[in-house]
Amino acid sequence: MRRGAALLAAAILTTSGAAEARPLRVMALDQCADQYVLALAPEAALALSPRADDPDAWLRAEAFRHRRIRPSLEAAMAFRPDVVVRYWGGEPRLLRRLEADGVRVLTIEDARDFAGVRDNIATVAAGLGASERGGALISRMDETLQRAGSGVEGEKRPSALYLTAGGFTTGRDTLIDAILSAAGFVNAVRDASFAPVSVERMVLRPPVRFVLGFFDQVRSDWRGAGRHPALRRIARGRVAAHLPAAALTCPGWFAADAAAMLRMGR
């Protein structure tokens, strides 16, 4: 009898230990969330979005060894995540069900500057139990920003207009504006937020410099205003940098890398 009780107790302890050793299950609902969980919880059991390994994903190489599932209620119920990370992804029905089931939902907020990016990293890192790794990521971002801004103080800041392949630009109080400023540029667009460019206005009053974004996505916006032949002619010899889509698709730490790339093109 005593031997049976001892075996039962050992089995319970073994089962309990296995449960405690189970890796954290983390589900990312969109491509931006993919980057955060790959950087902050690479040892967790990850379920990434279908776009995790697309060409415009910053950590696409790291995504290949993890599963990818649709951000649907059915997929979430099958995966049974402990934590869900999202930027824009996830329909309301899914989010309500997850929260009702006690799943922690971490939301990446829009960031207008690098302070906002730091807040995002700290929030997601804390929710994943990876605050130390989050702090290291913030430090690495700040070091990159410091290199990008080296020598900027005291220099005359040139003006530049940001332009996407789709024909959009952006003004003040945006992360793009913060990237331009970190690299020592002044945003040529005074208005806030994103807006379409006028090809006619660009032809009549071309900016001194262009900073091009998303032009590396050959099949993306191939008929967009940014690819207009007239704008291509105007931009010739005026491009400060071509920023890859992967550095611009998400309010993440790699926005600092975009600033460093831009600084090199000054």
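Above this text is the structure in question.
Here is a short report on the structure shown in this document. (Residues numbered from 1 in each chain as written. Predicted model: local features only at pLDDT ≥ 70, side-chain atom pairs only at ≥ 80, totals over all residues. Heavy atoms only, no water.)

Looking now at the side chain of H66. Within the secondary structure, H66 is located in the loop between α3 (60–63) and β3 (67–68). In this structure, H66 is in contact with L38, P42, L46 and L48, ignoring residues within four places of it in sequence. (Helix = DSSP H or I, 4+ residues; strand = E, 2+ residues; numbered from the N terminus. Contact = heavy atoms within 4.5 Å.)

This paragraph deals with the sheet that holds β3. Whether parallel or antiparallel, the strands of a sheet pair through hydrogen bonds between backbone atoms. The strand order β3-β2-β1-β4-β5 describes an open sheet built from five strands, whose pairing is parallel. The open sheet has two edge strands with one neighbour each: β3 and β5 (104–107). Judged from the four bridges that link them, strand β4 (residues 83–86) and β5 form a sheet pairing that is parallel. Bridged to R86 within β5 is T107. In the packing of helix α6 (residues 114–127) onto the sheet, the strands contacted are β4 and β5, and the crossing angle to β5 comes to about 165°. (Pairing = 2+ DSSP bridges. Axes fitted to C-alpha atoms, helices over the stretch in contact; angles between N-to-C directions.)

Moving on: the environment of L59. Turning to its location among the elements, L59 is positioned in the loop between β2 (45–48) and α3. When the C-alpha positions of L59 and A39 are compared, they lie 8.1 Å apart, and in sequence the two are 20 residues distant.

Considering only enclosed or pocket space, the largest pocket measures out at about 570 Å³ in volume. The wall of the largest pocket is formed by 25 residues, among which Y87, L175, I176, F194 and L248 lie closest to the centre. Split into classes, the residues belonging to the lining of the largest pocket amount to 15 nonpolar, six polar and four charged. By volume, the second largest pocket amounts to about 490 Å³. Where the lining of the second largest pocket is concerned, the elements lending two or more residues are β9 (194–196) and α9 (199–204). Of the residues assigned to the lining of the second largest pocket, the class counts are ten nonpolar, four polar and four charged. (1 Å grid on protein atoms, 1.4 Å probe; cavity = no way out; pocket = protein on both sides within 12 Å on 5 of 7 lines; lining within 4 Å. Points joined across faces, edges and corners; volume = space filled by probe spheres on them. Nonpolar A, V, L, I, M, F, W, Y, C, P; charged D, E, K, R; others polar.)

Taking every second residue as pointing to the same face, both faces of strand β10 (residues 210–213) are buried, with F210 and L212 on one and V211 and G213 on the other. Strand direction decides the pairing type here: strand β6 (residues 159–164) and β10, joined by four bridges, are parallel. Considered in β10, the bridge of Y162 is made with V211. (Buried < 20%, exposed > 50% of the residue type's maximum accessible area, 1.4 Å probe, protein only.)

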